[in-house]
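# Descriptive structure summary
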Amino acid sequence: MKKFLLTFLIILLVSIFAIACNNSSTLSEMNEFPQINFQDTFTQEQTEYIVYFWQQSCSYCQQVEPDMIDFTLNHDIPIYLVDMEIASNQDAWYDWESHHKEYDIMIGKEENGIDSLDHDVKLARFEEDKTVNWTFHKNRAGEIIAAHNTPYANTQPNDANELEITGTPTIIHIKNGKILNYAVGVDPIQRLLNGR
């Protein structure tokens, strides 16, 4: 009987400890963060907070998830989640279609099944360009396109109507109604959250 009672007490203590440990990290998934619409980016009650633009299907978002959770558990700055996959947040996206119409360059064409670049095109010009991320593809018309993939988004919007989210993950750190930090991508977000 004593062995049974001792075993029962040990199991009970281990269970209580496990429950206490699990409760200390209540933010085990990003969808447990308070969610807001992008229109509420600048209207939260706190004087300082972070708005995190996220998508569940985004592999880069999954990479920063542990940093976001760790930050929340170790800081008093609240984080609000904007789910960029839902319809009410679609207006916050950067207009990539207009961007590509303006900045992409046709550099050649497929003729008789053979790709040929225009005579004045030097691929080195694109490869050496450190300010723009260029990629190449062929469209349905057989045109070879140099796609300009570096956005010219507004990183200092004054209100939600000026937001231009170029991709996820993106965080905007707001203090006293003004943007303190703006970060896009895994490395910049991790540096910002970890104080580097």
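Higher on the page you've got the structure.
Summary of the structure given here.

## A few points about the environment of A92
As for its position among the elements, A92 is in the loop between strand 2 (79-83) and helix 3 (96-103). Along the primary structure A92 and Q39 are separated by 53 residues, whereas in three dimensions their C-alpha atoms are 8.4 Å apart. Not counting the four nearest positions on each side in its chain, A92 is found in contact with F38, M84, L163, E164 and I165.

## So, the sheet that holds strand 2
The strand order across the open sheet formed by four strands is 2-1-7-8, and the pairing between neighbours is mixed. Each edge of the open sheet carries a strand with a single partner, namely strand 2 and strand 8 (178-184). Across the sheet, the axes of successive neighbouring strands diverge by a mean angle of 20°, strand direction being ignored. Bridge count between strand 1 (residues 48-54) and strand 7 (residues 170-175): six bridges; the pairing is antiparallel. Bridged to F53 within strand 7 is T170. Of the strands in this sheet, strand 1, strand 2 and strand 7 are in contact with helix 2 (residues 59-74), which crosses strand 1 at around 160°.

## Things to note about the packing of aromatic side chains
All told, the structure shown has five aromatic pairs when counted by the stated rule. Residues F126 and F136 carry aromatic rings whose centres are separated by 5.6 Å and whose planes lie at 90° to one another, so their mutual orientation is edge-to-face. Of the two residues, F126 is situated in helix 4 (residues 123-127) and F136 in strand 5 (residues 134-138); the sequence distance between them amounts to ten residues. When its relative accessible area of 5% is taken as the criterion, F126 is described as buried. In this structure, R125 packs its charged tip against the face of F126, placed 4.6 Å from the ring centre.

## Some words on the nonpolar core
Grouped together as the largest cluster of nonpolar side chains are 19 residues, with contacts concentrated most on M30, Y52, M68 and I171. Elements supplying a minimum of two residues to this core: strand 1, helix 2, strand 2 and helix 5 (186-193). For this core, the leading source of residues is helix 2, giving five residues. Those residues in contact with M68, other than ones at most four positions away along the chain, are M30, F33, Y52, I79, I171, I189 and L193. F53, V82, A92 and L163 belong to the second largest nonpolar core, which has 17 residues in total.

What counts, and at which threshold
- Along each chain, residue indices are assigned from 1 in the same order as the chain's sequence is written.
- Confidence filtering applies because this is a predicted model: local features only for residues at pLDDT of at least 70, side-chain atom pairs given and counted only at 80 or more, and all residues used for totals across whole chains, interfaces and linings.
- Hydrogens and water molecules were not included; the side-chain quantities draw on all heavy atoms of the structure.
- Only runs of H or I of at least four residues qualify as helices and only runs of E of at least two qualify as strands under DSSP, and these elements are numbered from the N terminus.
- Whether two residues are in contact is decided by their heavy atoms: any pair within 4.5 Å suffices.
- In short, DSSP must find at least two bridges between two strands for them to pair.
- What counts as an axis is a line fitted to C-alpha atoms, over the stretch in contact for a helix, and the angles between N-to-C directions run from 0 to 180 degrees.
- Aromatic rings from Phe, Tyr and Trp, with only the six-membered ring used for Trp, were paired whenever their centres fell within 6.5 Å, and each pair was classed as stacked if the ring planes differed by under 30 degrees, edge-to-face if by over 60, and tilted otherwise.
- Under the scheme applied here, a residue whose accessible area is under 20% of the maximum for its type counts as buried, over 50% as exposed, and between as partly exposed, the area being computed with a 1.4 Å probe on protein chains only.
- Consider the ring centre and the ring normal. A charge sits over the ring if Lys NZ or Arg CZ is within 6 Å of that centre and within 35 degrees of that normal.
- What we call a nonpolar core is a set of buried Ala, Val, Leu, Ile, Met, Phe, Trp, Tyr and Cys residues that are connected through their side-chain atoms within 4.5 Å.

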